[in-house]
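Chain and residue survey
Spelled out, the chains give:
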Amino acid sequence: NSTTEAIFLKIIDIHTHILPGVDDGAVDMQEACQLVRMARQDGTRVLFLTPHYRSDHGGYSPRRLQNIFLQLQEQVAREMPDMQLYLGTEIRFDSDVPEKVLQGEVLPMGSSNYVLLEFSRQALKLQILTGVSEMVRYGFTPIIAHAERCETFCIFPDLVDEVRKLGGRIQINADSIMGANGFVVKRLSHKLLKARKVHFVASDTHDGANRPPLLNKCFLRVRKKYGEEYAAQVFYENACSILQKKSE
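Report on the accompanying structure. Chains are numbered independently. Their residues run from 1 in the order of the written sequence. Reporting of local features is limited, given that this is a predicted model, to residues whose pLDDT is at least 70; pairs of side-chain atoms are given and counted only at 80 or more, and all residues count toward the totals for whole chains, interfaces and linings. Excluding hydrogens and water, the side-chain figures rest on all heavy atoms present in the structure.

Notes on the overall build of the protein
Here is the rule we go by: Note on conventions: DSSP H or I runs of at least 4 residues are helices, E runs of at least 2 residues are strands, and numbering of each starts at the N terminus. Note on method: radius of gyration uses C-alpha positions; expected globular size equals 2.2 Å times residues raised to 0.38. Under the scheme applied here, a residue whose accessible area is under 20% of the maximum for its type counts as buried, over 50% as exposed, and between as partly exposed, the area being computed with a 1.4 Å probe on protein chains only. Contacts were defined at the residue level, with two residues in contact if any of their heavy atoms lie within 4.5 Å. Here, Shrake-Rupley sampling with a 1.4 Å probe gives the accessible areas, and only protein chains in the shown set may cover a residue. Positive charge is attributed to Lys and Arg, negative charge to Asp and Glu, and no charge count is given to His or to the chain ends. Taken as the charge centre is NZ of Lys, CZ of Arg, CG of Asp or CD of Glu, depending on the residue.
When helices and strands are counted, the protein shows 11 helices and nine strands. Expected size for 248 residues packed as a compact globule is a radius of gyration near 18 Å; at 17 Å, the protein falls within 12% of this value. Reported as C-alpha extents along the three principal axes, the dimensions of the protein are approximately 45 × 45 × 30 Å. Buried positions account for 50% of the 248 residues belonging to the protein. Relative to all contacts within the protein whose residues are 6 or more apart in sequence, the contacts with residues 24 or more apart total 76%. Of the roughly 11300 Å² of accessible surface on the protein, 49% is carried by carbon and sulfur atoms. Taken as two groups, the 31 positive and 30 negative side-chain charges of the protein have centres that lie 5 Å from each other.

Some thoughts on helix H7 (residues 159–166)
Formally: The arc refers to the directions leading from the helix axis to the C-beta atoms.
Three or more residues of H7 are buried, namely Leu 159, Val 160 and Val 163. Down the axis of H7, the smallest arc covering the buried residues is 100 degrees, so these residues share one side. For H7, the elements touching its buried residues are helix H5 (125–137), strand S7 (141–144), helix H6 (151–155), strand S8 (169–173) and helix H9 (183–194).

Some details on the pairing of strand S1 (residues 11–16)
The line we're drawing: A pair of strands is treated as paired once DSSP finds two or more bridges between them. The definition of a right-handed crossover adopted here requires that, viewed with the strands pointing away, the path from the first strand over the helix to the second runs clockwise.
With respect to burial, S1 is a largely interior element, six of its six residues being buried. Both S1 and strand S2 (residues 44–49) contribute to a ladder of four bridges, which runs parallel. When the bridges of S2 are listed, Asp 13 appears paired with Leu 47. At this point the chain moves from S1, through helix H2 (residues 29–42), to the parallel S2, and the crossover so formed is right-handed.

Topic: the sheet that holds strand S6 (residues 114–118)
Taken in spatial order, the six strands line up as S3-S5-S6-S7-S8-S9 in an open sheet, and their pairing is parallel. Sheet topology places strand S3 (52–53) and strand S9 (200–202) at the edges, where each strand pairs with a single neighbour. Note that S8 and S9 share three bridges and pair parallel. In the strand pairing of S9, Gln 171 is matched with Phe 200.

Comments concerning the sheet that holds S2
Just so we agree on the cut-off: Axis definition: a line fitted to C-alpha atoms, over the contacting stretch in the case of helices. Angles run 0 to 180 degrees between N-to-C directions.
A sheet is described by the order of its strands in space; here three strands give the open sequence S1-S2-S4, paired in parallel fashion. In this open sheet, the two strands that pair with only one neighbour each are S1 and strand S4 (84–87). Neighbour to neighbour, the strand axes of the sheet diverge by 20 degrees on average, direction disregarded. With four bridges connecting them, S2 and S4 associate as parallel partners. Residue Val 46 lies in a different strand from S4, and its bridge partner there is Gln 84. Docked against the sheet, helix H11 (residues 228–243) engages S1, S2 and S4, running at close to 70 degrees with respect to S1.

Function-wise, these values are silent; they only describe arrangement.
Here it is, written out as structure tokens:
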């Protein structure tokens, strides 16, 4: 049974928009709990809730996020005690971001030194390399969110290698691997997986209908195409180092 296999693995989803009422993800507590339920049923056991942060958008408050997170955590603990939730942020990189994370004004991943960094689809190569090297200089380990959707990685095939050399990590979305974001994005996703250049596969879930928190089907696809060992790394093992609060 495929779901049982995923549960045995205890998939870790490091990129979700489940925290309710804070961005374009879950609208309220009811929808948030429903998304957690869906993820659990599918074999995920650990979820990082990573609402958007952009310096040109107001309304981001770590204290508010933590309050909402604690409410959700309480509800989930009552109904699904085997689910672990952690709070993080999907951070649109800006020159003041490293300082803000350092000061606690923008939240990293759980209590680790990992940060989930987002760049626009048309971000320049220099912007990406600067963002990664700046975060590393400040003592953080940056994970590039949905790298396969950033056109720059398509235009510059060596950019992933440069990011990795600087100390960055690569995350791609499960639905991109499965083809939901078009052929070009799917091709790049598989090219990166084949070359073993991906560190994390995540759902980037926003809702239950269009972008659900389902990773099991993708896990089985990756396992079949790229082997058991690598599938375990990108869906579980690499994310364990975030839980251990350190970079490998």
